[in-house]
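# Overview (structure and organization)
Spelled out from the first residue to the last, the chains are:
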Amino acid sequence: MPEVTLTRARIEDGKADRLRSWFEELGERESEVVETLRHEGVYTETAFVRSTDEGAYLYVYMEAEDLDEADEAGDEEAYDIDEEHHEVLRETLVGDWEPLETVGHFTNPDLR
């Protein structure tokens, strides 16, 4: 069964628009993104921004056969877009990634 995770990281004040622009660019470069997802063994990766009175946060949901292997493959930066992605995250996020507790994950086997 695939593993899932939802993590969040605080966005540096004033950097949310830069992060949004980057994810728009990723959408335009979808074929490169899909290539990296295949390399990492990731089925789904979804990003969200949530703004609060305390600041803005980037939430990332990921589904992969093996999350540790997916992280290791992404850290290899085998593709230019991986390196660019990590650079943008370093520019826009502060602090550590905070994992949220998974209390349930269900998939429709007819659609897999």
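All chains considered together, the criterion is met by eight salt bridges. Arginine 8 serves as the salt-bridge partner of glutamate 98, at 2.9 Å between the closest nitrogen and oxygen. Here arginine 8 lies in strand β1 (residues 3–11) and glutamate 98 lies in strand β4 (residues 93–99), a separation of 90 residues in the sequence. A salt bridge links glutamate 91 to arginine 18; the shortest N-O distance between them is 3.7 Å. Of this pair, glutamate 91 sits in helix α4 (residues 80–92) while arginine 18 sits in helix α1 (residues 16–28), and the two are 73 residues apart along the sequence. With relative accessibility at 35%, the residue arginine 18 sits in the partly exposed group. The network of salt bridges with common partners includes Glu25, Arg29, Glu32 and Glu84.

Below, the discussion takes up the nonpolar core. Core analysis: the largest hydrophobic core is formed by 13 residues, its most contacted members being Ile11, Leu19, Trp22, Leu58, Leu89 and Leu93. Listing elements by their share of this core, those giving two or more residues are β1, α1, β3 (55–64) and α4. When near neighbours in sequence (up to four residues on either side) are disregarded, isoleucine 11 contacts Ala16, Leu19, Val49, Ala56, Tyr57, Leu58, Thr92, Leu93 and Val94. The next biggest cluster of nonpolar side chains, apart from the first, holds six residues, and it includes Val42, Ala64, Leu67 and Ala70.

Okay, the packing of aromatic side chains next. Enumeration over the complete set of coordinates arrives at zero aromatic pairs. The ring of tyrosine 57 carries the charged tip of arginine 8 above its face, separated from the ring centre by 4.2 Å.

Turning our eyes to something else, we now look at α4. The terminal C-alpha atoms of α4, which comprises 13 residues, lie 19 Å apart, in line with the 18 Å expected from a rise of 1.5 Å per residue. Taken as a whole, α4 has its buried residues at Ile81, Asp82, His85, His86, Val88, Leu89 and Thr92. Considered in projection along α4, the buried side chains sweep an arc of 160° and stay on one side of the axis. Across α4 from its buried face, at more than 90 degrees, point the exposed residues Asp80 and Arg90. Looking at the buried residues of α4, the elements they touch are β1, α1, α2 (30–40), β3, α3 (67–75) and β4.

Thresholds, definitions, all that
- Residues numbered from 1 in each chain as written.
- Predicted model: local features only at pLDDT ≥ 70, side-chain atom pairs only at ≥ 80, totals over all residues.
- Heavy atoms only, no water.
- Salt bridge = Lys/Arg side-chain N within 4 Å of Asp/Glu carboxyl O.
- Helix = DSSP H or I, 4+ residues; strand = E, 2+ residues; numbered from the N terminus.
- Buried < 20%, exposed > 50% of the residue type's maximum accessible area, 1.4 Å probe, protein only.
- Core = buried A, V, L, I, M, F, W, Y, C linked by side-chain atoms within 4.5 Å.
- Contact = heavy atoms within 4.5 Å.
- Phe/Tyr/Trp six-rings, centres within 6.5 Å; stacked < 30°, edge-to-face > 60°.
- Lys NZ or Arg CZ within 6 Å of the ring centre and 35° of its normal.
- Expected span 1.5 Å × (residues − 1).
- Arc of directions from axis to C-beta.

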